[in-house]
Structure formats: C-alpha cells, structure tokens
Amino acid sequence: WGCPWRLPALLSPPDAEKTPGYWNKGARRRLEMALALQPAAQRAKNIILFMGDGMGLSTMSAARIYQGQLSGGSGEESVLAMETFPHTALAKVSGAVPGGTLLLPLLETPLQLSCFQTYTIDRQVPDSAGTGTAYLCGVKANAKTLGLSGAAVYGKCRTTFGNEVDSVLHRARLAGKSVGIVTTTRVQHASPGAAYAHSASRGWYADANMPKDALQDGCKDIAYQLVHNTDINVILGGGRMYMTPKRTPDPEYPEDPDQNGTREDGRDLIAEWLNAKQGARYVWDKKGLDAVEDDSVSHLMGLFEPKDMRYELNRNTSTDPSIVEMTEKAIRILRRNPNGFFLFGDGHIPLAGGRIDHGHHSGRAKQALMEAVMLDRAVARAGELTSPADTLTVVTADHSHVFTFGGSTPRGNSIFGLAPKKAKDKRAYTSILYGNGPGYSIRDGARPAASLPAAEDKDYRQQAAVPLETETHSGEDVVVLAQGPMAHLFHGVQEQHYIAHAMAYAACLEPYATEPGCRAARRASHGTQCSPQLLLALLAICIAALIVGG
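Residues numbered from 1 in each chain as written. Predicted model: local features only at pLDDT ≥ 70, side-chain atom pairs only at ≥ 80, totals over all residues. Heavy atoms only, no water.

**Q** Looking at this model, I keep getting lost on helix 3 (residues 128-137). Mind explaining?
**A** Because an α-helix completes one turn every 3.6 residues, residues spaced three or four positions apart along the sequence face the same direction. Along helix 3, ten of the ten residues are buried, which leaves the element largely enclosed by surrounding structure. The complete set of buried residues in helix 3 reads Ser128, Ala129, Gly130, Thr131, Gly132, Thr133, Ala134, Tyr135, Leu136 and Cys137. For helix 3, the capping residue at the N-terminal end is Asp127, with a side-chain oxygen 3.3 Å from the backbone nitrogen of Ala129. Gly138 sits one or two positions beyond helix 3 and adopts a positive phi of about 85°. (Buried < 20%, exposed > 50% of the residue type's maximum accessible area, 1.4 Å probe, protein only. Helix = DSSP H or I, 4+ residues; strand = E, 2+ residues; numbered from the N terminus. Polar contact = N/O pair within 3.5 Å; in protein donor to acceptor, adjacent residues only side chain to side chain.)

Below is the structure:
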C-alpha cells in the first residue's frame, strides 16, 4: 500500500524545514509522481466503499493532526492512509445537474479535480438517509427516506411501492459477487440501511418503531428488510434489539430491560437468517468473532451492541471489536469469492466508521476525531489485505458538520488545546469550535473560559456559537478519494449520486454490465481461481493416471 505521496524529508532534523531545499525536494518528488500517474483503465473485481459519516474536510484535517500527535509528532506533517490515494474529487451536498445529465469521464472529462454535492431533493443541508440513497443507489432522494426515489414522501408508507431503487451492493450480489456491511452504528442505521432497505422513514428500525397505518399498508421495518431483501454475506455492527421479540433478554446485558428485544411481531430475525443460510454464523462479542474461521463460513452476522456500538475511546477491547478488526474479518471472508466482492464500511465520526457523526452531534470533538482516525486505520488495513490492481477503494463522507479549528495556534499545539490569545471577552477559548450545538454556555452572564486539562478530556464539549440540543450537519461539499481500477472516474465537482454510477461502471454492474471491456473482465474474473472441488478432482485424475501408467 505504502504512502507514495509522503514528503521524503519528513524525518529530517527540525532545522531542515528552514531551508528551501527541503521544500523543493519534496515538491519535485510529488511532481514526478504526478507526471508518472496513469489511469488504471481495467475493470475492478472488488469494490470497497468507506464512508465516514459526517467526515467533512475540517474533520479530516483535524484527524490528520490528531493521528500525528498520537504518534508523538507535532501532527501537521502527518499523512492519513486515505490521503495517499492518487485520485481526488469533491461531492456536492447542494446544487443541481443541468438537464439531469450524468457524464462519465471516459466519455467526457471537463475537470480533473472532483467535488461531490450532497444536498437532497428537498433539503439544502442533507441527512444520512438521503445521502446514503444517493451514493449507494445512484439517485437523489428526499431526506429521511431510504432506497426510494424522490417520488416517495417521508413517513408515507404507500409512496414506497413502485419507487424502490436498488443499491450498488444489491446489484453486486445479483452479479455473483459476495457483499458485506461493516459499521460502528446499528446495522439498521440510515447509512448502511440504504444498501439494502426501501423505507419511507429512516426511523422504522423495527416494527415497534412503525405507525400502525404503515404496518397495515404493508411496509416492512428496516431490520426485517436486512434479513429478507438482499443476500448479504457479512453483516457486522450494532442493533441486536431490533432483531428479537419484545422482552427477549440481551445476551450481554441480561439484567437491563432497556436493552431487551423490541419486536412486537414475535419474530426472531437472527434465527430466521441463520436457518435460511447454509454455512451461516452469528456472534455477539469479540470472542465469538475471533473464533470464526475465515474459510468455514459463507455468511457471518455479528451484532455487538443492542443499538450503536460504543465510541472507540469508550470501547471495551476485550468484548467489542474495533472497526479495523471487523473490516479485516469481512475482507477475509468476502475475498474467497472468485467473482469478487463489494464491501461497505461505515464509520460514524461519531462517525463506515459510523460514529464520527454522533460525536459531532454531541459536540464532543475528541470522540469524533478518534473515530475518524480508526476509520483511516481500517482503510490502511484493507489496503494490506487487497491489491489496487483489482480492487477499487473509495473513501468519502455523506455530509460535513459545523466543526472548525483555528485561532492562530502554533505548530505542534494540541488539536484539542487552547488558542494562544484570549478572545475579546478576555477569556480563553479552544482552537476547535462548533457553529451550533450543546456546547453553547452562558454562566453569570458571560461565556465560561476554556481551560486545560479539561479541554483534553474525551467527553469535553467544545463551545458553540448557537444553543441547540444537538449540533447540526453542514452543507459544504465533501471529498472523495479513490485508488485502483477506474479510480480516475472520480474527478471534478460532481453530484453525490455520481459515486454509485462510477462504482457500478468500474465493476461492470447494472446499468453498465454490457459496456466495453465487461465481457473480458468477467472471463478474467472467472479464470483467476479454481474451486477446491475442481482442484481435488484434477488431483484425483492425475493420481489415477500415474497408477495406471505405473
């Protein structure tokens, strides 16, 4: 995997930065790498999509510094694994495509830098359901709806029917690939839910969360659809309580009734899933996950919390797996398929990687940035387990947050530290701030002064300008980084739904399955591996021939 874009002199003595040669040498190396860069025009056998929920550009920049400081450096010169990808784009969270035109770069290439716009049909600033439908299903939709076109109305069950749109994950499974979902949220959350569900409400986790009229009209809850809509090989995340009957004790918290199952229809969806899949396994803790042998199962479901998984900084490392460990297990199982695989990794910053988002909503920047760092570590591990020769890896976000950092801080200042000068009110403030959220505070008629070490605590809430119960998303464009076959398709300023189309084109999935080069790609895929049964049969024939010949 390496880090081809890292400056060669980063390990030089500190005084080296004061010489022009330091910067000239690094820039020349990057220029040479850029001149040598050639598009990988072959089709992708595998696709991995990492989605950092809420991972805007400011979050990525702060996470880069935090990662460097965790490693003992000043932080600013650090490089995330995802930042080594050679192709970059931006996704619009707001804007429109004139005439609804979608251009693939192989046909026309107006720009080389790519930007992706994340707005939904009905909102300037989006939510995770509408954006998930865009980057997974390839169409812009209304906020709070999953896997439905813009004709569907939030909360109106009857508008579901006839407006369903299929995800790239679903299409990959129909094409014979293995597919998987890894998330640090509940697996029924909006981001992973867009991969398999068609729901007029992102909040219909179980039947107990649905209104009676929706049930009467024939709509199904998201947990039910997880088990019955798409044959998903690997499902790893949280969300146990939505899968079992009401009052079913949770295996990890049997004495806590708040963690019990919630289903009112009496169905045990975990049991239904196990009974329907030959070679399937279900686990609910790290010990169980570690015990699963990669070549012994065709399907794996791991649900490690009743709802969302714990933040990385709160995680019990002996009972709960990390997103890195879940990603590795998923890839080791999925890559056995000679036809390839599609893996969706969701990190919320608190965060596919799914709790980045949750951390920002609560105004706790340290929780959010640690989730971003862990998502990047999952990206790095995925790179070690796959090859860019046949695997297209894409990293993006669904939206950003009103999160920023500044204040003329000196080099090496803790990313969670204080600005060097006090504000106009003569009080200290942290470099990290939020535009709105629960961090707003007035005491004795004034803003309280920020202080250390309190500001370094994992649960410290950075100050916000506007008081809100939860911090909000923001509407700026988000970055897309790509490496592998057809990664050059990610270019310019694009609508967010373009991501699904570029991935489908790269892997010869519908509606691009008959495009030039796809037939050869399928032959190559089928010809790369032989099944164990065929190899044994050939071995038996050879042995028999030797015996007869002898």
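**Q** Would you take a moment to explain empty space enclosed by the protein for this structure?
**A** A water-sized probe, rolled over the atoms, reveals where empty space remains. Each pocket or cavity is described by its volume, and for the largest cavity that value is around 80 Å³. Breaking the lining of the largest cavity down by element, the ones donating at least two residues are helix 10 (323-334) and helix 12 (365-385). When grouped by side-chain class, the residues that make up the lining of the largest cavity number seven nonpolar, two polar and four charged. (1 Å grid on protein atoms, 1.4 Å probe; cavity = no way out; pocket = protein on both sides within 12 Å on 5 of 7 lines; lining within 4 Å. Points joined across faces, edges and corners; volume = space filled by probe spheres on them. Nonpolar A, V, L, I, M, F, W, Y, C, P; charged D, E, K, R; others polar.)

**Q** What is the right way to look at the pattern of salt bridges in this model?
**A** Any two side chains of opposite charge can pair, so long as their charged atoms come close to each other. For the structure shown, the criterion picks out 29 salt bridges. A salt bridge links Glu272 to Arg267, with the shortest nitrogen-to-oxygen separation between them at 2.8 Å. Overall, the relative accessible area of 23% leaves Glu272 in the partly exposed class. One connected set of salt bridges, linked through shared partners, spans Lys286, Asp290, Glu312, Arg315 and Glu325. (Salt bridge = Lys/Arg side-chain N within 4 Å of Asp/Glu carboxyl O.)

**Q** Explain the state of the cysteines to me, please; I cannot follow it from the model alone.
**A** By definition, a disulfide links the sulfur atoms of two cysteines through a covalent bond. Under the defined criterion, the tally for this structure stands at two disulfides. With its sulfur 2.0 Å from that of its partner, Cys157 forms a disulfide with Cys219. Its S-S torsion of approximately 105° makes the covalent link between Cys157 and Cys219 right-handed. One end of the pair, Cys157, is in the loop between helix 3 and helix 4 (168-174); the other, Cys219, is in the loop between helix 6 (212-216) and helix 7 (222-228), with 62 residues separating them in the sequence. Each member of the pair, Cys157 as well as Cys219, is classed as buried. What pairs with Cys508 in a disulfide is Cys518, and their sulfur atoms sit 2.2 Å apart. On the sign convention where negative is left-handed, the bridge of Cys508 and Cys518, at about -90° about the S-S bond, is left-handed. Here Cys518 lies in helix 14 (residues 518-527) and Cys508 lies in the loop between helix 13 (498-506) and helix 14, a separation of ten residues in the sequence. (Disulfide = S-S within 2.5 Å.)

**Q** Whenever I open this one, the pairing of strand 12 (residues 432-437) confuses me. Can you help?
**A** Successive side chains on a regular strand alternate, one facing one side of the sheet and the next facing the other. Strand direction decides the pairing type here: strand 11 (residues 403-405) and strand 12, joined by three bridges, are antiparallel. Among the inter-strand pairings, Thr404 is bridged to a residue of strand 12, identified as Leu433. (Pairing = 2+ DSSP bridges.)

**Q** Even after reading the chapter, I still don't get the environment of Arg332, so can you show me in this structure?
**A** In this structure, Arg332 sits in helix 10. Between the alpha carbons of Arg332 and Asp295 there is a distance of 8.3 Å; along the sequence they are 37 residues apart. Not counting residues within four places of it along the chain, the set of residues in contact with Arg332 comprises Asp294, Arg381 and Leu385. Here the side chain of Arg332 touches Glu328 through a polar contact of 3.0 Å, side chain to side chain. (Contact = heavy atoms within 4.5 Å.)

**Q** Explain the packing of aromatic side chains here, please?
**A** Two measures describe an aromatic ring pair: the distance that separates the ring centres and the angle between the ring planes. Summed over all chains, the structure comprises seven aromatic pairs. A ring pair is formed by Phe490 and Tyr498, whose centres lie 6.5 Å apart and whose planes are at 85°; its orientation type is edge-to-face. Take Phe490: its relative accessible area is 1%, and that puts it in the buried class. Take Tyr498: its relative accessible area is 0%, and that puts it in the buried class. Taking the ring centre of Tyr505 as reference, the NZ or CZ of Arg43 above it sits at 4.3 Å. Here the guanidinium or amino end of Arg186 rests over the ring plane of Tyr205, the centre of that ring lying 4.8 Å away. (Phe/Tyr/Trp six-rings, centres within 6.5 Å; stacked < 30°, edge-to-face > 60°. Lys NZ or Arg CZ within 6 Å of the ring centre and 35° of its normal.)

**Q** Mind showing me how you'd approach the nonpolar core here?
**A** In a soluble, globular protein the nonpolar side chains are often hidden away together inside. Counting residues in each nonpolar core, the largest one holds 115 residues, and the members touching the most others are Leu236, Met243, Phe342, Leu369, Leu392, Phe490 and Met503. In terms of residue count, the dominant contributor to this core is helix 12 (twelve residues). By size, the runner-up hydrophobic cluster in this structure holds eight residues, among which are Ala152, Ala200, Met210 and Cys219. (Core = buried A, V, L, I, M, F, W, Y, C linked by side-chain atoms within 4.5 Å.)

**Q** Is there a simple way to explain unusual backbone geometry in this structure?
**A** Generally, phi is negative for residues other than glycine and the peptide bonds are trans, each holding for most cases. Residue Pro453 follows Leu452 across a cis peptide bond; omega there is 5°. Geometrically, the link from Glu510 to Pro511 is a cis peptide bond, its omega value of 5° lying close to zero. Position of Pro511 among the secondary structure elements: in the loop between helix 13 and helix 14. Although it is not a glycine, Ser408 sits at a positive phi angle of roughly 55°. Relative to the helices and strands, Ser408 is located in the loop between strand 11 and strand 12. Looking at Ser408, the relative accessible area reads 71%, which means it is exposed. At Lys426, a residue that is not glycine, the phi angle is positive and equals roughly 70°. Lys426 gets classed as exposed once you look at its relative accessible area, which sits at 67%.

Any link to function would need more than the numbers given here.
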